[in-house]
Amino acid sequence: MGELLRTDGLTKRFRGIVANDCIDFTIGLGEVRCIIGPNGAGKTTLISMISGHLSPSAGRIWFKNQEITTRSVVRRAKMGIARKFQTPSVFDRLTVHQNLELASFGKPMEVAERAVRLEEVLAITRLCEMRRTVASTLSHGQRQWLEIAMLLANRAELLLLDEPTAGMTAEETRATGNLIRMLASRHNLTVLIIEHDINFVRDLRAPVTVLHLGRVLTSGSLDEVAANEQVRDVYLGRE
Amino acid sequence: MTEGGIKRRGVVTSLGQGFLRSETTVAIVLFALLAGLPVVVSGYTIYILPQYLLYGMLAMSLGLLWGFVGILSFGQAAFFALGAYAMGLSETWGLGPNPAYVGLMASLVTGAVLAAAIGYFLFSVDVRHVYFVLVTLALSIMVEQITVSQSQVTGGYNGMYVPRMSLLTGASGALSLSKDAAIYYFILPVVATVYSLLRWVLARPFGKVLVGIRENEDRLIALGFRTPLYKTAAFAVSGAVAGLAGALYGTHANFVSPSLGGVLFSTQVVVWVAIGGRESLLGALLGAVAVSALSTYLSALIPNYWQLALGIVFIAVIIAFKGGVAGAVMRVAERSAGRKEHG
């Protein structure tokens, strides 16, 4: 598995508060990785530095063997880094299909190729029947899926998903897990997920990185990190 | 929300596209009627209607920006006035074999380049919302002041005479548009063409991205769109349309003065578009024509109170329908079609 993204000593300070402290992090092509940790651990800060929405106070970021530390959000998106925001961010007054079409305009594609891709994305994300529905009238879970579908239509290679199952029903959460696993295995996408729902993380059977107070506490399978004394103290033990 | 609610809203969408089709129908009928009008009507109506249509073109330049990209500009009159002065100066200086064509080209280029320059500098440092409005407001003030102060070129407060253009070169009279009906039949197709071109642009991927900027700019940025460039391009198109309208207005009215670029006139443009409906180009066009016609009528009827009456109309329309008259029509059409779907 080749390396897709690497951070080296990534640090973010907000007026003296250290949100991320020297994070060394690597994710391989086609890998699914969950970032867990208590509130304030610096999970969203880390994702924001990878997407370019925040610039690091120190440290460097590489994507596809190119340093992207100082590149803009737009340039990173063009390279294939796409972010799903914590609250679904879609085009509310447009239909599902219009949302996806618009997202696809972000990358150059032939007309026929675009049409095929949009149909494929609609099928994968089970939004076929909703294609003519206005986004604002979708359920919360469907809006979350629509935003993921937009990243796919945009031909993203690294998906940064910030709490994708927030507000979903148990059934929707399960389906989201299946979707993410399929995206990685069948479409060779790399997915980095911030998640609070431990059951969801367990279902994903993906490696986990635990953040605590802006530092990487440990990494490994969920069972391994769950066995870690420190992790039990700061996070899992409280449940 | 209930199942039924979702379904009904689902219908609304397909109707949003249906509305565009019916807008096209209305536009075709309207332009056809306008084309036939001089056969049955003559006199002042045929003289003044092209000016109203040019106001309508100016309104469309704002409608594109405000209704589809979500950028409000109080500077549209500035481009309009610059276009008119470009026409006047070209005629005064006798540029090229037919100065009118040079004037028309110059008005397009002036509007586009100025808007692109302002847009690029403001949008690339992410000036949005009220701050952009303030800069465009300042632009109107500047154009008005400059045209006043550069009186050796512009004629200052006295304004500048602009001759009626002719279509061919040579002695005046060679296909001159000095007759009211002649210039009517020149301006009407120009306005119809600009309307069609803008509709075409909005149906292109470029236009869809513009609507995306209106709906959720941050989402587009995170999908890799350089939105400042799109906004700059939209502003440039808007400036070019406003400039061209101004040039035609100058040659039609035979006159241009500094107040044409001022804040007051810019505000009127915003009022036209707000009343007509900013999310429909035809709404903006008709808003300008209707409000201008109403102004003329009221100012003759009640010379002391017509502006008050117009103000009341404006407030009433804005309170009653947020999306202007076109927005209200759109909603009524959706509702009745929704009922059909269920019944």
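Values in this document were obtained by computation on a predicted structure and should not be read as measured data.

Here is what the cut-offs are and how they apply
Residues numbered from 1 in each chain as written. Chains lettered and ligands numbered in written order. Predicted model: local features only at pLDDT ≥ 70, side-chain atom pairs only at ≥ 80, totals over all residues. Heavy atoms only, no water. Core = buried A, V, L, I, M, F, W, Y, C linked by side-chain atoms within 4.5 Å. Buried < 20%, exposed > 50% of the residue type's maximum accessible area, 1.4 Å probe, protein only. Helix = DSSP H or I, 4+ residues; strand = E, 2+ residues; numbered from the N terminus. Contact = heavy atoms within 4.5 Å. Buried area = accessible area lost by both parts, 1.4 Å probe. Salt bridge = Lys/Arg side-chain N within 4 Å of Asp/Glu carboxyl O. Polar contact = N/O pair within 3.5 Å; in protein donor to acceptor, adjacent residues only side chain to side chain. Phe/Tyr/Trp six-rings, centres within 6.5 Å; stacked < 30°, edge-to-face > 60°. Lys NZ or Arg CZ within 6 Å of the ring centre and 35° of its normal. Expected span 1.5 Å × (residues − 1). Arc of directions from axis to C-beta. Pairing = 2+ DSSP bridges. Axes fitted to C-alpha atoms, helices over the stretch in contact; angles between N-to-C directions.

Q: Looking at this model, I keep getting lost on the nonpolar core. Mind explaining?
A: Among soluble globular proteins, nonpolar side chains are generally buried collectively. In this structure, Leu100(A) and Met57(B) are the most contacted members of the largest nonpolar core, which totals 146 residues. Broken down by element, the residue count for this core peaks at 17 residues, all from helix H2 (residues 44-69) of chain B. Residues in contact with Met57(B), not counting those within four places in the same chain, are Val190(B), Val191(B), Val194(B), Val241(B), Leu244(B), Ala245(B) and Leu285(B). In terms of nonpolar packing, the next biggest core, distinct from the first, is built from 22 residues, Met49(A), Ile50(A), Ile61(A) and Ile194(A) among them.

Q: Which parts of the structure should I look at to understand the environment of Gly67(B)?
A: All names here are of chain B. Note that Gly67 resides in helix H2. Exposure remark for Gly67: the relative accessible area of 0% places this residue in the buried category. Once the C-alpha coordinates of Gly67 and Ser280 are considered, the two residues, 213 residues apart in sequence, prove to be 7.3 Å apart. For Gly67, the residues in contact, after removing those within four places along its chain, are Leu62, Arg214, Arg278 and Glu279.

Q: I tried to follow the interface of chain A and chain B on my own but got confused; where do I start?
A: Note on interface size: it is often stated as the accessible area lost on association of the parts. Taken together, the contact between chain A and chain B spans 32 residues of the former and 23 residues of the latter. At the boundary of chain A with chain B, total buried surface from both sides reaches about 2300 Å², with 61% on carbon and sulfur atoms. On the chain A side of the interface with chain B, the three residues burying the most area are Phe91(A), Arg93(A) and Thr137(A), jointly 24% of the side's total. Taken together, the links from chain A to chain B amount to four salt bridges. Between Glu147(A) and Arg219(B) there is a salt bridge whose closest N-O contact spans 2.3 Å. Run the count over chain A and chain B and you get nine residue pairs in polar contact (both at pLDDT 80 or more). Sorting the residues of the side of chain A that touches chain B by element identifies helix H2 (73-79), strand S6 (81-84), helix H3 (96-104) and helix H5 (140-153) of chain A as the ones contributing at least two each.

Q: It is not clear to me how the packing of aromatic side chains should be interpreted in this structure. Could you clarify?
A: Any aromatic ring pair is given by two values, namely how distant the centres are and how the planes are angled relative to each other. Per the stated rule, a full pass over the model turns up 18 aromatic pairs over all chains. Ring geometry for Phe123(B) versus Phe235(B): centroids 6.3 Å apart, planes at 75 degrees, classification edge-to-face. Separated by 112 residues along the polypeptide, Phe123(B) in helix H4 (residues 99-124) and Phe235(B) in helix H9 (residues 227-253) bring together distant segments of the chain. The residues Phe123(B) and Phe235(B) share a single accessibility class, namely buried. Connected via pairs of aromatic rings, a cluster forms that spans Tyr52(B), Tyr55(B), Phe80(B), Tyr249(B), Phe265(B) and Trp272(B). The lysine or arginine in question, Arg6(A), covers the ring of Trp62(A), its NZ or CZ lying 4.4 Å from the ring centre. Directly above the aromatic system of Trp66(B) lies the positively charged group of Arg278(B), at a separation of 5.0 Å from the ring centroid.

Q: Just to check I follow, could you spell out the environment of Gly214(A) for this structure?
A: Residue and element names in this part refer to chain A. As for its placement among the helices and strands, Gly214 is situated in the loop between strand S9 (208-212) and strand S10 (215-220). C-alpha of Gly214 to C-alpha of Thr11: the two residues are 203 residues apart in sequence and 8.5 Å apart in space. In contact with Gly214, other than residues within four places in its own chain, are Ala19, Asn20, Asp21, Ile23 and Ala41.

Q: Mind showing me how you'd approach helix H5 (residues 129-149) of chain B here?
A: Owing to its 3.6 residues per turn, the α-helix brings residues three or four apart onto one side. Residue and element names in this part refer to chain B. Spanning 21 residues, H5 covers 31 Å between terminal C-alpha atoms, matching the ideal 30 Å at 1.5 Å per step. All of the buried residues in H5 are Phe132, Val133, Thr136, Leu139, Ser140, Val143, Thr147 and Val148. Considered in projection along H5, the buried side chains sweep an arc of 165 degrees and stay on one side of the axis. Those residues of H5 that are exposed and aimed more than 90 degrees away from the buried face are Val130 and Tyr131. Each element contacted by the buried residues of H5 is listed here: helix H3 (76-93), H4, helix H6 (151-154), H9 and helix H10 (263-276).

Q: Explain the sheet that holds strand S2 (residues 17-28) of chain A to me, please; I cannot follow it from the model alone.
A: Residues and elements named next belong to chain A. The antiparallel open sheet is built from four strands, whose spatial order is S2-S1-S4-S5. Among the strands making up the open sheet, the edge pair consists of S2 and strand S5 (66-67). Relative to S5, strand S4 (residues 58-63) is paired through two bridges, and the arrangement is antiparallel. Of the residues in S5, the one forming a bridge with Trp62 is Glu67. Seen against the sheet, helix H1 (residues 43-51) touches strand S1 (3-14), S2 and S4 and runs at an angle of roughly 120 degrees to S1.

Q: Any chance you could explain the pairing of S9(A) here in plain terms?
A: Each regular strand displays side chains that alternate between the two surfaces of the sheet. Residues and elements named next belong to chain A. Among the five residues in S9, four count as buried, and that is most of the element. Bridge analysis of strand S3 (residues 32-36) against S9 gives three bridges, and the strand direction is parallel. From the neighbouring strand, Ile36 faces S9, where its bridge partner is Val210. Bridge analysis of S9 against S10 gives five bridges, and the strand direction is antiparallel. Paired with Val208 across the strands is Gly220, a residue of S10. Taking the residues that link successive antiparallel strands as the turn, the S9-S10 hairpin has two residues, and the phi of Leu213 there is positive, at about 50 degrees.

Q: How should the pairing of S2(A) be read in this particular structure?
A: Residue and element names in this part refer to chain A. Sheet topology places S1 next to S2; eight bridges connect them, and they run antiparallel. Its bridge partner lying in S2, Arg13 is registered against Val18. Where S1 hands over to S2, the hairpin turn is made up of two residues, of which Arg15 adopts a positive phi near 45 degrees.

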